[in-house]
Amino acid sequence: QSLKSAALFYILIIVACIMPPEPDSPHKFARMFSRFHHPYLLLILTSLFWSGNMVLGRAIRNEVPPLSLAFWRWAIALALTLPLALPHLRSQWPQLKRGWPAIVTLGLLGVGGYNTLAYIALQYTAATNAVLLNSFIPIATIALSWAFLKKHLQGIEWLGVLTSLIGVITIVAHGKLSTLAGLALNIGDLWMLGAVFIWAFYTIGLQWRPPGVHPMLLLAALITVGLLALAPAYAWEIAQGRLIDPSPTSLAGIAYTGIFPGFLGYIFYNRAVGEVGASKASLFIHLMPVFGILLAALFLGEVPQTYHFAGIALIFAGIYLTTSHQAR
């Protein structure tokens, strides 16, 4: 199942690689990334990648312990990032050095924090609960933006957020309120709630990233901070006897998490947040249940139900209301 899901993402990135490159960029991969220039497209792709991440985190939980998955996910992402980051290190080191407080904070939150807590949560809670709780990220981000940054949404934008959230709940609840009543919180759900607020803090904290630093260099710095924080926890997990089962499924799952949600997902998300703001960008998290439904229909033969289409319609309506409104 996880291999089939991962195959879709490899196909997508292959298609992206063969797109006509920009002739004025010195790096092949940078030319590829420049084709994904629209922030909303970046956010849609990010949600697509992260949907697979949640599914895989649950699917391989018995083969790959959570801290091991988090560590190797970011080790792979760093290996992919360094060739594109190192050419900028010497010229931009002063800006990087001046911005170290923001880099350390963002690295601990976005790299060392969110995914680690999410993988731990998926050890104990069902994917349905995790998706539902993850869908509160936009609400948490908007609340924190209001509390710390005094940023407000217009009435139509609030309507869009609530409409999208109702769409998520419709999908998760299978169109029945009684389903929600049966979702009881457990220790995994509490871990997921912690991950939600960590990601909300990371999203609003992106505005304080040091100016003038190339996105690849910034990502490499954030990953380095996160890996340094994860290393002791990973060593502790090994000492507890929790080791990776090196099966084809587990290795493919680890590779996927490093390449797509880790490497590409963070590049796309960081850039999009810089262009459209934290509140609007976080709303695209609501697309994750939509992509989960589509992937299941394509690869698992699961037929979508009426409530799926109703939820998808509400989600897209909410995103349209929020992103199409121009605040005065």
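Refer to the structure above for everything that follows.
Quick summary incoming for the structure in this document.

Cut-offs and rules
- Residues numbered from 1 in each chain as written.
- Predicted model: local features only at pLDDT ≥ 70, side-chain atom pairs only at ≥ 80, totals over all residues.
- Heavy atoms only, no water.
- Helix = DSSP H or I, 4+ residues; strand = E, 2+ residues; numbered from the N terminus.
- Contact = heavy atoms within 4.5 Å.
- Axes fitted to C-alpha atoms, helices over the stretch in contact; angles between N-to-C directions.
- Parallel < 35°, antiparallel > 145°, perpendicular 65-115°, else oblique.
- Left-handed = near helix turned anticlockwise from the far one by under 90°.
- Nonpolar A, V, L, I, M, F, W, Y, C, P; charged D, E, K, R; others polar.
- Expected span 1.5 Å × (residues − 1).
- Buried < 20%, exposed > 50% of the residue type's maximum accessible area, 1.4 Å probe, protein only.
- 1 Å grid on protein atoms, 1.4 Å probe; cavity = no way out; pocket = protein on both sides within 12 Å on 5 of 7 lines; lining within 4 Å.
- Points joined across faces, edges and corners; volume = space filled by probe spheres on them.
- Phe/Tyr/Trp six-rings, centres within 6.5 Å; stacked < 30°, edge-to-face > 60°.

Our next topic: the side chain of threonine 46. Relative to the assigned elements, threonine 46 resides in helix α3 (residues 39-59). Those residues in contact with threonine 46 that lie beyond four places of it in its chain are Gly265, Phe268 and Tyr269.

Turning to the packing of helix α6 (residues 100-111) against helix α13 (residues 215-239), a few remarks are in order. The interhelical angle for the contact between α6 and α13, taken along N-to-C directions, is 65°, at an axis separation of 8 Å. Between α6 and α13, the interaxial angle falls into the category roughly perpendicular. Between α6 and α13 lies a crossing whose hand is right-handed. Of the residues in α13, those in contact with Ile103, Val104, Leu106, Gly107, Leu108 and Val111 of α6 are Leu218, Ala221, Leu222, Ile223, Val225, Gly226, Ala229 and Leu230. Among the residues making up the contact of α6 with α13, the classes are represented as 12 nonpolar, 2 polar and no charged.

Take α3 next. An ideal rise of 1.5 Å per residue puts 30 Å on 21 residues; α3 measures up with 30 Å between its terminal C-alpha atoms. Counting buried positions along α3 gives 15 out of 21 residues, so the element sits mostly inside the fold.

Let's shift gears to the environment of glycine 311. With respect to the element layout, glycine 311 can be found in helix α17 (residues 306-324). Each C-alpha atom, one on glycine 311 and one on threonine 163, is 9.6 Å from the other, the two residues being 148 residues apart in sequence.

Once that is clear, we can look at empty space enclosed by the protein. Under the counting rule described, the total for this entry stands at 2 cavities of 30 Å³ or more. Its volume calculated, the largest cavity comes out at about 40 Å³. Along the walls of the largest cavity sit Trp50, Asn53, Met54, Arg73, Tyr114, Asn115 and Met288, which together make up its complete lining. Among the elements of the structure, α3 and α7 (114-121) are those that each provide at least two residues to the lining of the largest cavity. It is α3 that provides the largest number of residues to the lining of the largest cavity, a total of 3 residues. In terms of residue class, the lining of the largest cavity is made up of 4 nonpolar, 2 polar and 1 charged.

To continue, consider the packing of aromatic side chains. For any pair of aromatic rings, geometry is given as the distance between the ring centres together with the angle between the planes. Scanning the entire structure with this criterion turns up 16 aromatic pairs. Here tryptophan 74 and tyrosine 266 contribute two aromatic rings whose centre-to-centre distance is 4.7 Å and whose plane-to-plane angle is 85°, an arrangement assigned as edge-to-face. With tryptophan 74 in helix α4 (residues 66-85) and tyrosine 266 in helix α14 (residues 248-276), this residue pair connects regions lying 192 residues apart in the sequence. The buried category is assigned to tyrosine 266, whose relative accessible area is 1%. Summarising the aromatic geometry, the rings of tyrosine 202 and tyrosine 266 are spaced 6.0 Å apart at their centres and angled 50° between planes, so their arrangement reads as tilted. Remark: tyrosine 266 occurs in helix α14 and tyrosine 202 occurs in helix α12 (residues 187-205); sequence separation between them is 64 residues. Look at tyrosine 202 and you get buried, because its relative accessible area is 0%. Site record: aromatic cluster; members linked through ring pairs are Trp50, Trp74, Tyr114, Trp199, Tyr202, Tyr266 and Tyr269.

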